[in-house]
Amino acid sequence: MSAPGLTRDEVDHILEIVQREACIVLEAANQYLLATRLGDAARRCGQGSPSELVKKARLFPGGNEYRAIIDALTTNETYFLRDPRAWEALRSGPLAALVERRRPQRKLYVWSAASSTGQEACSVVMGLREWFRETDSWDVQVHGSDVSSAAIARAELGKYEQLEVSRGLPADWLKRHFEQQGHGFQLRSDLRRRLKFHRMNLAGRWAALPTFDLVLLRNVLIYFEGVERRKVLERIARQMAPDGLLMLSPQERSHPTAGLFELVDAGSAVYRRV
């Protein structure tokens, strides 16, 4: 099966790039999406069609067109406080207990893995201020990582359009934590200083990272096959504090974590490192 405007050979090459670079396996049912997303990527790169984009990527592996394909197909939907009930369950249960345990050290490190354009990481820094104001005087770092260079560039700006801030972000949070800049809104500088973003492939070489107290790995595992999924979870476990917490999405509770993590809160899909 080929996507509109692409030969079967070109589709196979695209799928190979995405699997090799991000360990993401795209299904045949997603192939119409290839033409749509790659059409936009082709225009940004000055190519006339997705087919021309693929041909250029073949000629220059690692070049702009090659990277544009990865960015186009690995940037997933994200928005502020995604799954509000899960965030509320996290706040009132596991996160409150974690903050209590970290009170003597006054330090809290969080990792938003596969953070896309940064809304999840922003939600964490805003949530800590809203829910646990005492952490304003702590050593707090919220790291975000993503395989997409374009997504990381946007996340580092911390600037979002009206449509983006209207998705999940409470109006009073927008007023307190963002400044209007033209037609967009930028996270206030004191909160941006707590954010650190890395271009990183979870299934490849990792950036130098600290030990984390909380890792958010939400809506990510569904894109990995079994062996790679287990490897990613093992590496994350090693990157966490002995009593560290892992938050998945509510839809991912069925993924195997035996021997690595145990479920501590079903409402927030939070696990404790074993």
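Criteria and thresholds
- Residues numbered from 1 in each chain as written.
- Predicted model: local features only at pLDDT ≥ 70, side-chain atom pairs only at ≥ 80, totals over all residues.
- Heavy atoms only, no water.
- Salt bridge = Lys/Arg side-chain N within 4 Å of Asp/Glu carboxyl O.
- Helix = DSSP H or I, 4+ residues; strand = E, 2+ residues; numbered from the N terminus.
- Buried < 20%, exposed > 50% of the residue type's maximum accessible area, 1.4 Å probe, protein only.
- Pairing = 2+ DSSP bridges.
- Axes fitted to C-alpha atoms, helices over the stretch in contact; angles between N-to-C directions.
- Contact = heavy atoms within 4.5 Å.
- Arc of directions from axis to C-beta.
- 1 Å grid on protein atoms, 1.4 Å probe; cavity = no way out; pocket = protein on both sides within 12 Å on 5 of 7 lines; lining within 4 Å.
- Points joined across faces, edges and corners; volume = space filled by probe spheres on them.
- Nonpolar A, V, L, I, M, F, W, Y, C, P; charged D, E, K, R; others polar.

(A) Expanded view of the pattern of salt bridges. Under the defined criterion, the tally for this structure stands at 20 salt bridges. When the shortest N-O distance is used, the salt bridge between aspartate 190 and arginine 129 registers 2.7 Å. Residue aspartate 190 is located in helix H11 (residues 189-192), and its partner arginine 129 is located in helix H7 (residues 119-131); the two are separated by 61 residues in the primary sequence. What makes arginine 129 buried here is its relative accessible area of 16%. The closest approach of N and O atoms between glutamate 164 and arginine 154, which form a salt bridge, is 2.9 Å. A residue pair is termed long-range when its members are at least 10 positions apart, and glutamate 164 in helix H9 (residues 162-165) and arginine 154 in helix H8 (residues 149-157) qualify at 10 residues. By relative accessible area, which is 18% here, glutamate 164 ends up buried. Note on arginine 154: relative accessible area 29%, which makes it partly exposed.

(B) View of the sheet that holds strand S5 (residues 184-187). Read from one edge to the other, the open sheet built from 3 strands follows the order S3-S5-S4, with strand pairing classed as antiparallel. Two strands bound the open sheet, and with one partner strand each, they are strand S3 (159-161) and strand S4 (178-181). Averaged over all pairs of adjacent strands, the angle between strand axes in this sheet comes to 30°, irrespective of strand direction. Summarising the sheet, S3 and S5 pair through 3 bridges and their orientation is antiparallel. Looking across to S5, one finds that glutamate 161 is bridged to glycine 184. Its contacts with the sheet put H7 on S3, S4 and S5, and the angle it makes with S5 is roughly 55°.

(C) Region of the structure containing unusual backbone geometry. Although it is not a glycine, serine 116 sits at a positive phi angle of roughly 50°. Mapping serine 116 onto the fold places it in the loop between strand S1 (107-113) and H7. A relative accessible area of 5% means that serine 116 is categorised as buried. With phi around 55°, asparagine 219 is a residue other than glycine that occupies positive phi space. Inspection of the secondary structure puts asparagine 219 in the loop between strand S7 (212-216) and helix H12 (226-238).

(D) Structural context of the sheet that holds strand S8 (residues 240-247). Taking strand neighbours across the sheet as the criterion, the 7 strands line up as S6-S2-S1-S7-S8-S10-S9 in an open arrangement whose pairing is mixed. Edge positions in the sheet fall to strand S6 (195-199) and strand S9 (261-265), since each of these pairs with one other strand and no more. Direction aside, the axes of adjacent strands within the sheet are offset by 25° on average. Sheet topology places S1 next to S7; 3 bridges connect them, and they run parallel. Bridge pairing links valine 110 to leucine 214 in S7.

(E) Region of interest: H8. Those residues of H8 that fall on the buried side of the exposure criterion are Ala151, Ile152 and Ala155. Along the axis of H8, the buried residues cluster in a sector spanning 95°; they form a single face. Within two residues after H8, glycine 158 carries a phi angle of roughly 65°, on the positive side.

(F) How the structure looks around the pairing of S4. With 4 bridges joining them, S4 and S5 adopt antiparallel strand pairing. Bridging from a neighbouring strand, glutamine 181 pairs with glycine 184 of S5. Taking the residues between adjacent antiparallel strands as the criterion, S4 and S5 are bridged by 2 residues, where glycine 182 takes a positive phi near 65°.

(G) Structural context of the pairing of strand S10 (residues 270-273). Looking at chain direction, S8 and S10 are connected through 3 bridges and run antiparallel. Each bridged residue has a counterpart across the sheet, and for leucine 245 the counterpart in S10 is arginine 272. For S9 and S10, the ladder comprises 4 bridges, and the chain directions are antiparallel. By the bridge assignment for S10, phenylalanine 261 is matched with arginine 273. Connecting the antiparallel pair S9 and S10 is a turn made up of 4 residues, with alanine 269 showing a positive phi of about 55°.

(H) Up close: empty space enclosed by the protein. Tallying each qualifying case throughout the model produces 1 cavity of 30 Å³ or more. Its boundaries defined by the atoms lining it, the largest cavity holds a volume of some 50 Å³. Contributing to the lining of the largest cavity are Trp87, Leu90, Leu95, Ser123, Val124, Gly127, Leu128, Trp131, Leu214 and Leu216. Where the lining of the largest cavity is concerned, the elements lending two or more residues are helix H5 (84-92), H7 and S7. The biggest single contributor to the lining of the largest cavity is H7, with 5 residues. Split into classes, the residues belonging to the lining of the largest cavity amount to 8 nonpolar, 2 polar and no charged.

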